Amino acid sequence: MTPFTYMRASDAASAVLKGGAAGARYLGGGTNLVDLMRENIETPESLVDVTGLPGGIDELPGGGLLIGAAVRNTALAEHRAVRLRYPMLARAILAGASGQIRNMATVGGNILQRTRCSYFYDEAGSRCNKRHPGEGCDAVGGFNRNHAILGASSACVAVHPSDMCVALAALDAVVHMRGNGGERRLAFTALHRLPGELPDVDTMLQPGELITAVELPPMPFAARSTYRKVRDRSSYAFALVSVAAALDIEGGQVRDVRIALGGVAHKPWRAERAEALLRGGPLSATSFAAAAEAELASAQALSGNGFKIDLARRTLVAVLEDLSGEIA
Amino acid sequence: MTILVNGAALDAPHDARVSLLDFLRETCGLSGTKKGCDQGACGACTVLVDGERILSCLSLAVQYEGRSITTIEGLGQPGRLHPLQQAFVEHDGFQCGYCTPGQICSAVGMAAEIARGVPSHVTIDLGGEDILLSHEELRERMSGNLCRCGAYNGIVEAIAETYGAETMAEAAE
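These lines cover the structure that appears in this document, whether it is placed above or below. Since we're looking at a predicted model, the values are computed, not measured. Along each chain, numbering runs from 1 in the same order as the chain's sequence is written. Chain labels run from A onward and ligand labels from 1 onward, assigned in the order the entries are written. A pLDDT threshold of at least 70 governs which residues receive local features in this predicted model, and a stricter bar of 80 or more applies before side-chain atom pairs are shown or counted, although totals over entire chains, interfaces and linings include all residues.

## Observations regarding the nonpolar core
Residue and element names in this part refer to chain A. By size, the foremost hydrophobic cluster in this structure holds 153 residues, and its most contacted members are Met-88, Ala-92, Ala-167, Ala-170, Ala-244, Ala-245 and Val-264. Helix numbering and strand numbering both begin at the N terminus, where a helix is a DSSP run of H or I of at least 4 residues and a strand a DSSP run of E of at least 2. Sorting elements by how many residues they give to this core places helix H9 (residues 164–170) first, with seven residues. Setting aside residues no more than four positions away along its own chain, Ala-170 makes contact with Met-88, Ala-244, Ala-245, Ala-246, Arg-258, Ile-259, Ala-260 and Arg-270. Note on terminology: a nonpolar core is a set of buried residues of type Ala, Val, Leu, Ile, Met, Phe, Trp, Tyr or Cys, with members joined through C-beta atoms within 7 Å. Residues with at least 20 other C-beta atoms within 10 Å of their own are called buried, those with 12 or fewer are called exposed, and the rest are partly exposed. The C-beta atoms themselves are positioned from the backbone. With C-beta atoms placed from the backbone, a contact is any residue pair whose C-beta atoms sit within 7 Å.

## Digging into the packing of helix H3 (residues 83–90) of chain B against helix H4 (residues 100–116) of chain B
Residues and elements named next belong to chain B. Interhelical geometry of H3 versus H4 gives an angle of 130° and a closest axis separation of 10 Å. When the axis of H3 is compared with that of H4, the two are oblique. The handedness of the crossing between H3 and H4 comes out as right-handed. Contacts between H3 and H4 pair Leu-84, Gln-85 and Phe-88 from the former with Thr-100, Ile-104, Ala-107 and Val-108 from the latter. Three classes are used, and their members are as follows: Ala, Val, Leu, Ile, Met, Phe, Trp, Tyr, Cys and Pro are nonpolar, Asp, Glu, Lys and Arg are charged, and the others, Gly among them, are polar. Class assignment of the residues belonging to the contact of H3 with H4 gives a composition of five nonpolar, two polar and no charged. As a rule, the C-alpha atoms of each element are fitted with a line to give its axis, helices using only the stretch in contact, and angles between N-to-C directions run from 0 to 180 degrees. Here roughly perpendicular refers to angles of 65 to 115 degrees, roughly parallel to angles under 35, roughly antiparallel to angles over 145, and oblique to all remaining angles. Should the near helix be turned counterclockwise from the far one by less than a right angle, the crossing is left-handed, whereas a clockwise turn marks it as right-handed.

## Examining unusual backbone geometry
In this structure, Ala-97 of chain A is a non-glycine residue whose phi angle is positive, near 55°. Within the element layout of this structure, Ala-97 of chain A appears in the loop between helix H5 (87–94) and helix H6 (99–104). Here Asp-38 of chain B, not a glycine, exhibits a phi torsion of approximately 60°, which is positive. Considering the arrangement of structural elements, one finds Asp-38 of chain B in the loop between helix H1 (20–27) and strand E3 (46–49).

## Description of H3 of chain B
Residue and element names in this part refer to chain B. When H3 is considered as a whole, its buried residues turn out to be Leu-84, Gln-85, Ala-87 and Phe-88. All buried residues of H3 lie within an arc of 160° about the axis, which places them on one face of the element. Counted as exposed and oriented over 90 degrees from the buried face of H3: Val-89 and Glu-90. Next to the buried residues of H3 lie helix H2 (72–75), H4 and helix H6 (152–163). Of the residues one or two after H3, Asp-92 is the one with positive phi, at around 50°. What the arc covers is the set of directions going from the helix axis to the C-beta atoms.

## Here's the deal with the sheet that holds strand E4 (residues 52–55) of chain B
Backbone-to-backbone hydrogen bonds pair the strands of a sheet. The strands run either parallel or antiparallel. All names here are of chain B. Strands qualify as paired when DSSP identifies two bridges or more between them. Here we have five strands laid out as an open sheet, ordered E2-E1-E5-E3-E4, and mixed in their pairing. Of all strands in the sheet, those with a lone pairing partner are strand E2 (8–11) and E4, marking the two edges. Adjacent strand axes in the sheet meet at a mean angle of 40° when their direction is disregarded. Of the strand pairs in this sheet, strand E1 (residues 2–5) and E2 are connected by four bridges, and their pairing is antiparallel. Each residue of the ladder has a partner; that of Leu-4, found in E2, is Ala-9.

Here you go:
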């Protein structure tokens with residue numbers, strides 16, 4: 001690990017002053033960044049510890065929640081308002097990592113964690129456009145069973161590893177950010193990027209910009225929502241495919257719906273096509289299958305991950321069936 | 001600022017690169033906490049910070065200034081074992097023993113989470129107030145601690161006896 005200076009920030013304004021310096025990085029729980037530093041994939045000159053920033057889980061007028069970026073993953077998953085009003089979010093967090101890691105990891109850090117593509121991690125032996133732009137991607141022709149089926153490019157086929165973020169994408173979350181230019185807000189679904197020709201850029205954050213909070217808008221029907229994760233072992237593994245969904249049903253019709261997929265793309269994948277087909281339509285196995293088909297219509301298999309296309313379709317249908325059964 | 005380790009106040013390292021794990025083992029001489037993978041995959045380095053279980057290998061020691069760390073040495077010592085240490089002995093909860101300190105610290109933290117009502121991936125009712133420590137709950141909650149010897153049955157029995165004997169018996173019926 002290369003040497004760096006360490007400092008703690010007590011509020012967002014002072015954090016941004018320090019974090020705006022060249023070579024500075026914000027530090028949350030450290031569960032990803034410390035590991036990447038040990039592998040010399042991340043080599044910051046200074047770390048600004050933002051785990052002490054104020055901000056809990058606060059009720060917003062109208063029924064939403066404002067979640068401070070330093071809130072730990074366990075604290076968010078165990079919060080009663082999250083468990084009762086946004087169960088897909090509690091379930092997504094609890095499906096990720098281990099008890100120890102969820103105690104350490106912050107909301108902001110979870111959002112900004114980097115891909116677990118093994119070629120990205122192999123600094124010594126592999127080419128990776130995310131590490132060294134322009135050098136090529138060894139995952140495209142390599143062991144790519146875990147890689148993207150949607151929205152990938154020839155430059156990068158990595159997937160975003162977070163479970164929590166899949167639920168945030170489905171829940172219309174809004175990210176609050178602060179930089180030296182002031183504060184701004186962005187739809188969560190617009191925060192992460194597809195790789196295109198710039199796979200080294202994961203998000204739309206400006207240099208030095210800090211995530212300060214995540215806002216969950218009111219969504220009463222999300223009380224009937226869930227998260228299903230398919231993985232190679234039943235616990236403590238990243239998703240092959242995951243689905244976060246909320247279904248609002250009235251009189252055998254889908255009044256409203258939110259769906260996002262995980263493990264399939266460079267960013268949490270909001271399933272807008274499936275939602276559009278389902279909204280206002282009948283609650284039926286046929287319509288669920290048609291929606292899943294439409295969402296995966298643009299999917300492209302790599303040499304080792306073709307199974308994920310069917311897996312994503314079937315998992316999406318199964319989740320919708322579960323949710324409609326629960327409501328019926 | 002100092003770090004409290006098993007009740008003793010110690011100066012944090014000057015070099016910010018030192019992990020909490022290396023600080024405990026090399027500076028404090030507390031070699032009970034083990035370095036397994038050193039990348040957050042095995043759980044052997046699990047310690048308690050203010051009662052919560054964390055991975056010391058993915059922690060920088062300087063992050064924990066002002067906090068209270070409990071390692072396996074702080075839970076029990078020969079002659080006055082922690083009840084869970086005693087249960088591991090009685091139930092053959094280990095073979096080589098390398099994962100054991102992490103398993104025990106993790107289980108102590110897990111028991112506090114259960115008592116607090118923290119749900120898990122396998123908890124069916126997210127709205128419930130009380131968590132029943134079933135085999136399924138126990139195994140899910142301990143999935144961050146690997147045992148290459150495969151002593152899991154003994155580990156589960158030891159934890160169940162210490163933290164969930166009655167509920168385990170009910171679940172088995």
